[in-house]
Amino acid sequence: MGYLNTGGGKSEGSANLMTDGNREDWENACRIAAQALDYGCGLIRPGAKVRDIAESVEKKILELGGQMAFPAQLSLDSTAAHSCPDVNDATELKSELVKLDIGVHVNGWIGDNARTVDLSGQHAALVKASRDALEAAVKLMRPEVRLAEVGRAIQETISAAGFAPIRNLSGHGLGQYMVHIAPNVPNFDSGERTVLQEGQVFAVEPFATSGQGLVVDTSNATIFSIVQQRPQRDAGAKQLLEHCAHYNGLPFAARWLAPLMPQFRLSLALRSLQSSGAMRAYPPLVEKTRGLVSQAEYTVLVKDKPVVLTRS
Ligand code: CO
């Protein structure tokens, strides 16, 4: 799940280290995330409904013994990330460029991975550009390598293929029940001087586009997370805030809340939670010039020989 770099301040925390205490959970989460991604990509075909795919993937994650670290996302064409079908979404796939992004946790330790499926058969070079950039980046996920070097490898690979990296989306550190923690893994040479440390775990996720290489917020978010407890006047908002405590601050889908109350009350409650500052929204991110976007993502362990934890 891409981290939107707004330029104002840094994401919080610092990348957690894999230790003997969390290794098994973390490796399991990553293995399940990779299996669920394989499974989900197999469901992406013309005529399939995005809502059915998201629901099937989420069911598969639970069957495999994981929990969702965030909702399954299917972002189409010039939408780069954070697009998640709502309960009434009837979108049927035809010939889109589909990014499937999946997050799984086991006891809070997160595996995050994504892949692009090209239903048109016209965009193989764009798909390959982000995949090649990911493989180039992984090779550099070694102790003492500067993050800017990783970004430069991504940028050079994508540029050499004739496309642009998306500069305001980045990879990110992963922590227990935290999808986005510092430091970020830039998708271009950002000048970031921070060096990698052995044992750190990162989501590395280059995005390549035929457009300018910037994403912008849209409206109609369907993904949210609780950021702090705030008193609520609206009874529905109060109920949602209590219910959502069990996500432990991880992003969730409005779709998952649909059984709790009628749709109009849910919309109202979600709006109250946002305006009170208790909840943040993750609106779909669209490439500014409506360029097509491809994405490739692994969860990677920093080592002298870097380990892709989500390799299927
Ligand atoms: Co991610």
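Quick notes on the rules
- Residues numbered from 1 in each chain as written.
- Predicted model: local features only at pLDDT ≥ 70, side-chain atom pairs only at ≥ 80, totals over all residues.
- Heavy atoms only, no water.
- Pairing = 2+ DSSP bridges.
- Helix = DSSP H or I, 4+ residues; strand = E, 2+ residues; numbered from the N terminus.
- Axes fitted to C-alpha atoms, helices over the stretch in contact; angles between N-to-C directions.
- Core = buried A, V, L, I, M, F, W, Y, C linked by side-chain atoms within 4.5 Å.
- Buried < 20%, exposed > 50% of the residue type's maximum accessible area, 1.4 Å probe, protein only.
- Contact = heavy atoms within 4.5 Å.
- Donors = N, O, S within 2.8 Å, 3.2 Å for Na, K, Ca; no water.
- Tetrahedral: all angles 85-135°; square planar, octahedral: opposite > 155°, others 65-115°.
- Phe/Tyr/Trp six-rings, centres within 6.5 Å; stacked < 30°, edge-to-face > 60°.

One open sheet accounts for three strands, arranged β3-β15-β11; its pairing is antiparallel. Strands at the two margins of the open sheet, each flanked by one partner only, are β3 (79-81) and β11 (215-217). The sheet shows a mean angle of 40° between the axes of neighbouring strands, direction not considered.

Counting residues in hydrophobic clusters, the biggest one holds 63 residues, and the most contacted among them are I44 and F252. When residues of this core are assigned to their parent elements, the largest contribution, nine residues, is made by helix α1 (residues 23-43). Ignoring sequence-local partners within four residues, the contact set of I44 consists of I53, L74, L93, V98, L100, V117 and L119. Among the nonpolar cores identified, the runner-up in size contains 26 residues, and L126, I154, A208 and Y298 belong to it.

Next up on the list: the coordination of the cobalt ion. In this structure, M1 (N), M1 (O), D112 (OD), H172 (NE2), E205 (OE) and E297 (OE) serve as the protein donors to the cobalt ion, at separations of 2.1 to 2.5 Å. Metal-centred angles of 71 to 166° between the six donor atoms at the cobalt ion mark the site as irregular. In primary sequence terms, the donor set of the cobalt ion follows M-x110-D-x59-H-x32-E-x91-E. Here E205 lies in the loop between β9 (201-204) and β10 (207-209) and D112 lies in strand β5 (residues 109-118), a separation of 93 residues in the sequence. Here the two residues D112 and E205 agree in accessibility, since each one is buried.

This part is about the packing of aromatic side chains. In the structure shown here, the tally under the stated rule is three aromatic pairs. An angle of 40° between the planes, with centres 4.8 Å apart, marks the rings of W26 and W109 as tilted. Separated by 83 residues along the polypeptide, W26 in helix α1 and W109 in strand β5 bring together distant segments of the chain. For the pair Y247 and W256, a centre-to-centre distance of 5.7 Å together with 45° between the ring planes defines the contact as tilted. Of the two residues, Y247 and W256, both sit in the buried class. Three or more aromatic residues joined by ring pairs form one cluster here, namely Y247, F252 and W256.

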